Amino acid sequence: MKVFDFFFLWVILSLLESLSCANNSKVVNPCCYYPCQNSGVCVRFGNTSFKCDCTHTGFYGDNCTTPGFGTRVYLSMKPSSTTVQYILSHFYWFWDMVNNSFLRDVLMRLVLTVRSTLIPSPPTYNTKYGYLNWESYYNTSYYTRILPPVPEDCPLPMGTKGKAVLPEPKVLVKRFFKRDKFRPDPQGTNLMFAFMAQHFTHQFFKTDQQVEGGFTKALGHGVDASNIYGDNLVRQHQLRLHVDGKLKYQLINGEIFPPTTDKVPVYMQYPKSLPPEQRLAIGHESFGLLPGLTMYATIWLREHNRVCDILKAEHPTWDDEQLFQTTRLIVIGEIMKIIIEEYVQQLSGYRLKLKFDPTLLFEEQFQYGNRIALEFNHLYHWHSLMPDSFLIDDTEFTYSQFLFNTSILTHYGVEKLVEAFSRQPAGQIGGGRNSHESLLIVSEKVIEESRMTRIQPFNEYRKKFNLKPYASFSEFTDDVEMARGLEELYGNIDALEFYPGILLEKTQPGSIFGPSMIEMGAPFSLKGLLGNPICAPDYWKPSTFGGETGFNIIKTSTLKKLVCLNTKWCPFVDFHVPPNEEPGQQSTPPPEL
């Protein structure tokens, strides 16, 4: 009996030991706690040990939280991002003085260097790898990542905080993104800006929907004008006239418009019901979706052919290929100048007059080249810009009347579309509850992709970009109902996802979006623009652009010149609605086009 009792006790103890070992095998990956601060890198050792690599961060200690002497001095003198934004967007008299002195170049150089150094170069991570390796650098079919993905073995979706199940994307966007009433941007941004945002960014935001895991089809990873010329050689050659460097076109009432797909059989995403004569063939396969995009495609087509004529007159011996290639470089330069000096200027709200001048960085440590980050792609989904309807020449178009309606462009002409879009306000991007119902599906898809690619929580990105993480949802938003709802769905502010965080964050007074969008978006934008090859010393010189004439086309380009040199008459054109002008209140049904 005693032998049996001893045997029974031994079995029980063995089972308990087995259970204990099983429980110990489910230890939490310590990197799931995001223990390393100030851009320190978490390296796991064994089951429960980790070490923070603080190299080049300016901090030391177990969690990279103790600043070195130089860092301590720098932090004591550095103003907060809110203070900097306030100074840059106020004090008109001071900035008028700065903009007309050598200080403009000094401060612009500072803006470029401080912002661009926040973006790793060369690239670091991708969705497959949460550690540095050759594949992440070499495989450009991936979007790069600023932060590694959430480790796959974390106990909760966002690491170790929040709820075990993330809220349904459809529930999120319906409660917090859907528009009740259109809220115009207080900075005065208009639809001319909104359509430029779409046209410009879709040359490098081209997610490969056929492959899961953060892949891109835009292998150029920057401003390459592939939205004008096509993203591959076959498409490019189909769109080219192969005479004098020009692109193919059609004439309607004596005006140049893109050709139709029956004459230029490139793939375009048109509904089958659209008549062949309305299917315009342009660089990006999706740009037939909106008249604002076909408008910009037409303007750049005309500008390309105009520049070809100028170069042909200066270089009569050049063949078609050299005329085309040089014109493309000039067009890329024009795009970047307009984007920095007018588009980014409008977004920033700065009183400092921004300047596109690559020579400002020639004496600085700056790496030329760029990789588009998945996080940049996600934060740039600004569909709140779109209004409830579109007003053109006192005629109101609903979404169903506007989408895929290329006849709007050919009926009204570029001039009237530019005038209409320049006068109609765009929506405020930040703060939530300002997306048109028909566009909510896009936000759902972004949230779904962010989960599939395991993007880290919003607060981790706040820390990465030197912003203080939010302590609560009530600090994150002034909307009491939204704060309660997010608390209910996520359970913890440290579990709030990146995309909802950056779009729903409370806006700064009079601003188009919240501070996180400014602090995260600006570095991506400026690094991507100034990292372009044409900005490098070996490229940025007259010979690259066919001589001083071509070089000066870039240096003197403006949005107004781009439009007015390619239209019959010069409409009002700007990225800002006219001062003290309200959009038309009366409208008539759209005509039969």
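Structural data are supplied above this passage.
### Describing helix α19 (residues 480–490)
Part 1 of the argument: Buried within α19 we find Met482, Ala483, Gly485, Leu486, Leu489 and Tyr490. Seen along its axis, α19 keeps its buried residues to an arc of 165 degrees; they face one direction.
Part 2 of the argument: For α19, the elements touching its buried residues are α7 (169–176), α16 (440–452), α18 (473–476) and α20 (498–504).
Part 3 of the argument: Two residues or fewer after α19 comes glycine 491, characterised by a positive phi angle close to 85 degrees.

### Digging into the environment of arginine 371
Part 1 of the argument: Here arginine 371 lies in the loop between α12 (320–348) and α13 (374–379).
Part 2 of the argument: For arginine 371, a relative accessible area of 11% puts it in the buried group.
Part 3 of the argument: Through-space distance from the C-alpha of arginine 371 to that of glycine 528 is 7.7 Å; in sequence the pair is 157 residues apart.
Part 4 of the argument: Arginine 371 has contacts with Pro123, Ser136, Tyr137, Asn139, Thr140, Tyr142, Thr144 and His221, leaving out every residue within four places of it along the chain.
Part 5 of the argument: Among the polar contacts listed, one links the side chain of arginine 371 to the backbone oxygen of serine 136, at a separation of 3.3 Å.
Part 6 of the argument: Within polar-contact distance, the side chain of arginine 371 engages the backbone oxygen of asparagine 139 at 3.3 Å.

### What to know about the side chain of asparagine 532
Part 1 of the argument: Tracing the backbone through its elements, the reader meets asparagine 532 in the loop between α21 (515–530) and α22 (548–555).
Part 2 of the argument: Residue asparagine 532 is classed as buried on the basis of its relative accessible area of 7%.
Part 3 of the argument: In this structure the side chain of asparagine 532 is engaged in a polar contact, spanning 3.1 Å, whose partner is the backbone nitrogen of isoleucine 534.
Part 4 of the argument: Every residue in contact with asparagine 532, bar those within four places of it in the chain, is listed here: Val223, Ile332, Met336 and Tyr368.

### So, the pattern of salt bridges
Part 1 of the argument: Here the structure, examined in full by the defined rule, presents 31 salt bridges.
Part 2 of the argument: Note that glutamate 444 is salt-bridged to lysine 170, the shortest N-O span being 3.5 Å. In this pair, glutamate 444 is assigned in helix α16 and lysine 170 in helix α7, connecting sequence segments 274 residues apart.
Part 3 of the argument: Of the residues examined, lysine 170 reaches a relative accessible area of 52% and is grouped as exposed.
Part 4 of the argument: A salt bridge links glutamate 285 to lysine 206; the shortest N-O distance between them is 3.5 Å. Of this pair, glutamate 285 sits in the loop between β6 (255–257) and α11 (291–314) while lysine 206 is found in the loop between α8 (191–201) and α9 (226–229), placing the two residues 79 residues apart along the sequence. As far as the burial class goes, glutamate 285 and lysine 206 line up, both buried.
Part 5 of the argument: Several salt bridges share partner residues, and in doing so they unite Arg175, Arg433, Asp479, Glu481 and Glu488 into one network.

### Describing helix α5 (residues 103–116)
Part 1 of the argument: Between its terminal C-alpha atoms α5 stretches 20 Å, which fits the 20 Å expected from 14 residues at 1.5 Å a residue.
Part 2 of the argument: Considered for burial, the residues of α5 that qualify are Arg104, Met108, Val111, Leu112, Arg115 and Ser116. On an axial view of α5, the arc spanned by its buried residues comes to 100 degrees, and they lie on one face.
Part 3 of the argument: Contacts from the buried residues of α5 go to α4 (92–99), α12 and α21.

### A closer look at the nonpolar core
Part 1 of the argument: Counting residues in each nonpolar core, the largest one holds 142 residues, and the members touching the most others are Met295, Tyr343, Trp382 and Leu486.
Part 2 of the argument: Among the elements that make up this core, the one with the highest residue count is α12 (13 residues).
Part 3 of the argument: When near neighbours in sequence (up to four residues on either side) are disregarded, tryptophan 382 contacts Phe193, Tyr343, Leu347, Ile429, Phe513 and Met517.
Part 4 of the argument: Of all hydrophobic cores here, the second largest spans 5 residues; its members include Cys36, Cys52, Phe59 and Cys64.

### Describing the state of the cysteines
Part 1 of the argument: By the definition in use, this model includes 5 disulfides.
Part 2 of the argument: For cysteine 32, the disulfide goes to cysteine 154, at an S-S distance of 1.9 Å. The sign of the S-S torsion, about -95 degrees, decides the handedness of the disulfide formed by cysteine 32 and cysteine 154: left-handed. Placement of cysteine 32 in the loop between α1 (2–24) and β1 (41–45) and of cysteine 154 in the loop between α6 (134–138) and α7 is noted, with a sequence separation of 122 residues between them. For the pair cysteine 32 and cysteine 154, one class covers both residues: buried.
Part 3 of the argument: Here cysteine 54 engages in a disulfide with cysteine 64; their sulfurs sit 2.0 Å apart. Looking down the S-S bond of the cysteine 54 and cysteine 64 bridge, the torsion is -90 degrees, so its handedness is left-handed.

The rules behind these values
- Residues numbered from 1 in each chain as written.
- Predicted model: local features only at pLDDT ≥ 70, side-chain atom pairs only at ≥ 80, totals over all residues.
- Heavy atoms only, no water.
- Buried < 20%, exposed > 50% of the residue type's maximum accessible area, 1.4 Å probe, protein only.
- Helix = DSSP H or I, 4+ residues; strand = E, 2+ residues; numbered from the N terminus.
- Arc of directions from axis to C-beta.
- Contact = heavy atoms within 4.5 Å.
- Polar contact = N/O pair within 3.5 Å; in protein donor to acceptor, adjacent residues only side chain to side chain.
- Salt bridge = Lys/Arg side-chain N within 4 Å of Asp/Glu carboxyl O.
- Expected span 1.5 Å × (residues − 1).
- Core = buried A, V, L, I, M, F, W, Y, C linked by side-chain atoms within 4.5 Å.
- Disulfide = S-S within 2.5 Å.

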